[in-house]
Amino acid sequence: MTITTRFAPSPTGYLHIGGARTALFSWLYARKHGGDFILRIEDTDLERSTQESVNAILEGMTWLGLEYDKGPFYQTHHFDRYKEVIQQLLAQGDAYYCCCSKEELETVRNEQMANKEKPRYNGKCRDAGHKGDDGRDYVVRFKNPVDGAVTINDLVKGDIVVANKELDDLVIARTDGSPTYNLTVVVDDMDMKVTHVIRGDDHINNTPRQMNILRALGAPVPLYAHLPMILGADGARLSKRHGAVSVMQFRDEGYLPEALLNYLVRLGWSHGDQEVFSVDEMVEYFKLENVNVSASTFNTKKLLWLNHQYIMNSDPAHVARHLSWHIGQLDIDPSEGPDLVEVVKAQRERSQTLVEMARASAFFYREFDEYDEKAVKKNFTAEAAAVLAALYQQFAKVEDWQGEVLHQVIVDLAEAQALNMGKVAQPLRVAVTGTAVSPAIDVTLTLLGKDKTLSRIQKAIDVIKNLN
Ligand SMILES: Nc1ncnc2c1ncn2[C@@H]1O[C@H](COP(=O)(O)OP(=O)(O)OP(=O)(O)O)[C@@H](O)[C@H]1O
Ligand SMILES: [Zn+2]
């Protein structure tokens, strides 16, 4: 039997990192066992679901590299099938029509509350034999077993036993005939032959109900793994309604998808004390038994640390592909300057995010009109103008524009003018980059190229003249 897992978001907003981690664990489980990972869009809430949200979820999954083997399936395409199953349950006596009005249900509820009982449907229509065809408004309820108990052998939380008398007769079709959440999930899990339902533990109350419906349908009951929630800094679970941050915002803020995946996998799962995992290692080591039982809180500091690890240690060509997008966000055409792979190598030590790296590299590609104010005050002195003029003359003569040669020019000039290296390199750095920080000056000049170096030195000399 093929192991089949699914991720089943509702398209009522973007993909946030709580959902993303749940998707990741389902994906990892399927990959590890050579199974199928299904994406199912639970869009039956027509009021809240939007195409925009569907797109945002797909975009998030793609960016993270969580490819699905089947889908995306849309629950709104399955309405006929849900109706068929509701009819089947009615026909076999596992469901019944109920015409209790809102007011009636309310009255029962209030009585139960007054008696300190758990509010639940009192079963009034359970054996009434309504046919649902006399013009009154009917819902359909599932006939939950009265006796016994349901045991969830949860792969994360262990055995959970729920007595059937705790579960009331769930509405499976509304008065307009539309199926309710638990029914649609059961039908799809059955039809899609899902073997492992890996989802957030916010769904744990649904599980015994879903298991009972599956049994009534004679369908195999999948295994369940309920994952703990990711909480925000305020201690509430991250959710779309609760203003959680979209996965795509992490791209926008300059994270590599692998760094986010690594962060997410470690948030709630461990393999010894290893912190950094390639995706292949995640697949290799992943075990549901090693998932934490308790909720975890999102923490940007660790994510930043991981991102820096990935920026430094990933193949520079890979980092460059992501950097290219960020460079584009700055309206810069990366073909107007040095190879991005070389820029990554020059900048990766000092960049925690790709946004930082892109901003710090903009000077390679486009001219700037403004210099960092502090850097100018400190470095653009009359003395610096003379140094820059001398550098200009020497650089203009260089034919073999490469690091060692340029370095030698700077060293020689410092020596000839009896200046320390900083007095030469810093004004030069400000002249060519506009700021006081950049990769090593010889690397910076090499990447920048001769033409840009000379024109910027000339421009800085003019700026200094106007200053003094
Ligand atoms: N904070 C969270 N931590 C871990 N898993 C989560 C979190 N929020 C949702 N999930 C899981 O992600 C999957 C998709 O959830 P869903 O699309 O309903 O997102 P949601 O944020 O819960 O939506 P809503 O805000 O509408 O409740 C479900 O398996 C759910 O259990
Ligand atoms: Zn009723």
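Scoring rules and cut-offs
- Throughout this description, residue numbers start from 1 for each chain and increase along the sequence as written.
- Written order decides the labels, with chains lettered from A and ligands numbered from 1.
- Since the coordinates come from a predicted model, pLDDT governs what is reported: local features require at least 70, and pairs of side-chain atoms require 80 or more to be given and counted, while whole-chain, interface and lining totals use all residues.
- Side-chain measures were taken over the full set of non-hydrogen atoms in the model, leaving aside hydrogen atoms and water.
- Just so you know, the domain bounds were taken from an automatic or database domain assignment.
- What counts as an axis is a line fitted to C-alpha atoms, over the stretch in contact for a helix, and the angles between N-to-C directions run from 0 to 180 degrees.
- Numbering goes from the N terminus for both helices and strands, where a helix is a DSSP run of H or I of at least four residues and a strand is a run of E of at least two.
- An angle counts as roughly parallel when it lies under 35 degrees, as roughly antiparallel when it exceeds 145, as roughly perpendicular when it falls between 65 and 115, and as oblique in every other case.
- Left-handed describes a crossing whose near helix is turned anticlockwise from the far helix through less than a right angle; right-handed describes the clockwise counterpart.
- The contact definition used throughout considers only heavy atoms, calling two residues in contact when any of these lie within 4.5 Å.
- When residues are grouped by polarity, Ala, Val, Leu, Ile, Met, Phe, Trp, Tyr, Cys and Pro land in nonpolar, Asp, Glu, Lys and Arg in charged, and all others, Gly among them, in polar.
- Stacked, tilted and edge-to-face are the three classes assigned to paired rings of Phe, Tyr and Trp, where Trp is represented by its six-membered ring and a pair needs centres within 6.5 Å; plane angles under 30 degrees give stacked, over 60 edge-to-face, the rest tilted.
- A simple rule labels every residue: compare its accessible area, found with a 1.4 Å probe on the protein chains alone, to the largest value its type can have, and call it buried under 20%, exposed over 50%, or partly exposed in between.
- The rule for a charge over a ring is simple: NZ of Lys or CZ of Arg within 6 Å of the ring centre, and within 35 degrees of the ring normal.
- Here, the term nonpolar core denotes a set of buried Ala, Val, Leu, Ile, Met, Phe, Trp, Tyr and Cys residues that are joined through side-chain atoms within 4.5 Å.
- For Na, K and Ca the donor cut-off is 3.2 Å, while for other metals it is 2.8 Å, and in both cases only N, O and S atoms qualify; water is not among them, so sites may look incomplete.
- Square planar and octahedral sites, with four and six donors, are those where opposite donors lie more than 155 degrees apart and all other angles lie between 65 and 115, tetrahedral sites have four donors with every angle between 85 and 135 degrees, and the rest are irregular.
- In this scheme, strands are said to pair when DSSP sees at least two bridges between them.

**A few points about the domain arrangement of the protein**
The domain boundaries assigned to the protein delineate domain 1 (81–173), domain 2 (315–365) and domain 3 (373–467). Placing a centre on the C-alpha atoms of domain 1 and another on those of domain 2 gives a separation of 59 Å.

**Side note on the packing of helix 15 (residues 382–397) against helix 16 (residues 403–416)**
Remark: helix 15 packs on helix 16, axes separated minimally by 10 Å, with the N-to-C direction vectors making an angle of 140°. Our classification of the angle between helix 15 and helix 16 gives oblique. Of the two elements, helix 15 crosses helix 16, and the hand of that crossing is right-handed. Facing helix 15, whose interface residues are V387, A390, L391, Q394 and F395, helix 16 presents L406, V409, I410 and L413. A breakdown of the residues in the contact of helix 15 with helix 16 according to their chemical character gives eight nonpolar, one polar and no charged.

**Considering the packing of aromatic side chains**
Applying the stated criterion across every chain, the model contains 14 aromatic pairs. Summarising the aromatic geometry, the rings of F79 and Y82 are spaced 6.1 Å apart at their centres and angled 85° between planes, so their arrangement reads as edge-to-face. Placement of the pair is F79 and Y82 together in helix 3 (residues 79–91), with a separation of three residues, close to one helical turn. Residue F79 is classed as partly exposed on the basis of its relative accessible area of 24%. On the basis of an interplanar angle of 80° and a centroid distance of 6.4 Å, the ring pair of F364 and Y365 is categorised as edge-to-face. On the accessibility criterion, F364 (0% relative accessible area) is buried. For Y365, a relative accessible area of 6% translates into the label buried. Three or more aromatic residues joined by ring pairs form one cluster here, namely F25, W269, F277, Y285 and F286. Above the face of the Y121 ring, R141 is positioned so that its terminal group lies 3.6 Å from the ring centre.

**Remarks on the nonpolar core**
General note: in soluble globular proteins, nonpolar side chains tend to be found buried as a group. One finds F25, L391, F395 and L428 to be the most contacted residues of the largest nonpolar core, which totals 105 residues. Take this core: its biggest share by element is nine residues, from helix 1 (residues 17–32). Viewed by domain, this core spans two of them, domain 2 (315–365) and domain 3 (373–467), each represented by three or more residues. For F395, the residues in contact, after removing those within four places along its chain, are W401, L406, V409, I410, L428, L445, K450, T453, L454 and I457.

**A few points about the coordination of the zinc ion (ligand 2)**
All of the protein donors around the zinc ion (ligand 2) are C98 (SG), C100 (SG), Y121 (OH) and C125 (SG); their distances to the metal are 2.1 to 2.8 Å. Coordination at the zinc ion (ligand 2) is irregular: its four donor atoms span angles of 83 to 129° at the metal. The sequence motif formed by the donor residues of the zinc ion (ligand 2) is C-x1-C-x20-Y-x3-C. Here the residue C98 occupies a position in strand 4 (residues 95–98), and C125 occupies one in the loop between helix 4 (102–114) and strand 5 (139–142), the gap between them amounting to 27 residues. Take C98 and C125: they sit in the same class, and that class is buried.

**With respect to the pairing of strand 6 (residues 149–154)**
Every second residue of strand 6 is oriented toward a common face, the buried set being V150, I152 and D154 and the non-buried set A149, T151 and N153. Of the pairings in the sheet, the one linking strand 6 to strand 7 (residues 158–163) comprises six bridges and is antiparallel in character. For T151, the partnering residue across the bridge sits in strand 7 and is V161. The turn linking strand 6 back onto strand 7 is made up of three residues.

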